[in-house]
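Take a look at the letters that make up each chain.
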Amino acid sequence: DAQNDIGGLVRQVGGTVDNIIPEGLRLEATLSGEQLLQIAHHEKVLFIDRWSAPEPDMDIVRTIGGANQIDTLLVYRGQGVRAEVMDGGLRTTHVDFQAGGAPILHGAVGVDSHGTATYGINFGRGTANSAGKGMLPEAQGIIAAYTQLTNRYTHTAELLQDPYKAVYQSNSWGSTLTTQYTTISAEMDDILFLNDFTLLNSQSNAGTQNSRPQAWAKNVVSVGGIRHFNTASFTDDRWQSGASVGPAADGRIKPELAHFYDSVFTTTSTNNTAYTSSFGGTSAATPITAGHFGIFFQMWHERLFANAAGGATVFDSRPHTSTAKAVMINTAVQWD
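This write-up is about the structure you can find in this document. (Residues numbered from 1 in each chain as written. Predicted model: local features only at pLDDT ≥ 70, side-chain atom pairs only at ≥ 80, totals over all residues. Heavy atoms only, no water.)

### Considering the packing of helix α8 (residues 282-301) against helix α10 (residues 321-330)
Any two packed helices are characterised by how steeply their axes cross, that is the angle between the axes, and by the distance between the axes.
Then, in step 1: Here α8 crosses α10 at 110 degrees, and the two axes come no closer than 11 Å. One element, α8, and the other, α10, form an angle in the roughly perpendicular class. Where α8 crosses over α10, the two elements pack in a sense that is right-handed. For the pair formed by α8 and α10, the contact residues are H292, F293, F296, F297 and W300 on the first element and T323, A324, K325, V327 and M328 on the second.
Then, in step 2: Grouping the constituent residues of the contact of α8 with α10 by class yields 7 nonpolar, 2 polar and 1 charged. (Axes fitted to C-alpha atoms, helices over the stretch in contact; angles between N-to-C directions. Helix = DSSP H or I, 4+ residues; strand = E, 2+ residues; numbered from the N terminus. Parallel < 35°, antiparallel > 145°, perpendicular 65-115°, else oblique. Left-handed = near helix turned anticlockwise from the far one by under 90°. Contact = heavy atoms within 4.5 Å. Nonpolar A, V, L, I, M, F, W, Y, C, P; charged D, E, K, R; others polar.)

Here it is in structure tokens:
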């Protein structure tokens, strides 16, 4: 096929093939400028991007988004929801993650402060400090490290199988910023189309249209950020040139959703009872938004939208990702 043909050409000119993903549309290779020119005009080379390594980008949160209200009135705390955070790692021994379902590891996972914060926003139980209670304290969290990711087609397909059965994946990281729809963007769209899976990705924090190529994908739920200055009022909320913005190069509205960019209280990796009150960026806004998706999936399973009867579990009942995305966008409050 085209990948193997191009891979053979890369080796022929003296380059190195670093990764071929047979389910996908691209390959990764290391080439000098001269070697790149030798293959650039081959008829099966459709597009070339520069490779980059992955980069990382709550009490008021739960009040503004309504999690506290439905927790009190309807007891929606993520029961039955299973979802994954992919990040740099996790302090799995933190007290917030010991009660209920311990984190399920999806591959090798080391300790990382950024990942501990994003996982806590999703699944923290507020054990040592109630202010650290996440969006889905009774959900089953899954953690994966992007440093271990080699084939995203395989990894995403596994999320639909035992022992995971996840309804979404939250990502506060991505490849080097760009304004373009790249091969990475196209790959994400292909993966999500094949798996009908809900995946959220941070837009990033450049204050311009420079964003993660994953966030430019059409099937991804892209998340921007608004500064809320640690108050529960909308009146002082401001963008203030923090989060990256759209529209996409072809005019599509991006990001689709946004949440708090600053002063988010969540778990951190310093020790087993540590929290931070200053986590932020679209790295915070994305897991906050993802947690709201988790509540939606639980509500959908309980048929609170007068939807048809589903399956025996939240996973079995889940709607198409396009439906989930549409419901969340159309029930959001729009900032002015």
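### Section: the packing of aromatic side chains
Then, in step 1: Within the structure shown, the criterion is met by 9 aromatic pairs.
Then, in step 2: Here the aromatic rings of Y146 and W173 are separated by 4.6 Å at their centres, their planes lie at 25 degrees, and the arrangement is stacked. A residue pair is termed long-range when its members are at least 10 positions apart, and Y146 in the loop between β6 (140-145) and α6 (152-158) and W173 in strand β8 (residues 173-174) qualify at 27 residues. As far as burial versus exposure is concerned, Y146 and W173 are alike and both buried.
Then, in step 3: Ring geometry for F296 and F297: centres 5.5 Å apart, planes at 55 degrees, overall tilted.
Then, in step 4: Judged by relative accessible area, which is 3%, F296 ranks as buried.
Then, in step 5: The class of F297 is buried, set by a relative accessible area of 2%.
Then, in step 6: Ring pairing ties together the aromatic residues F296, F297, W300 and F305, which thus form one cluster.
Then, in step 7: The residue whose ring lies beneath K218 is Y181, and the NZ or CZ to ring-centre distance is 5.2 Å. (Phe/Tyr/Trp six-rings, centres within 6.5 Å; stacked < 30°, edge-to-face > 60°. Buried < 20%, exposed > 50% of the residue type's maximum accessible area, 1.4 Å probe, protein only. Lys NZ or Arg CZ within 6 Å of the ring centre and 35° of its normal.)

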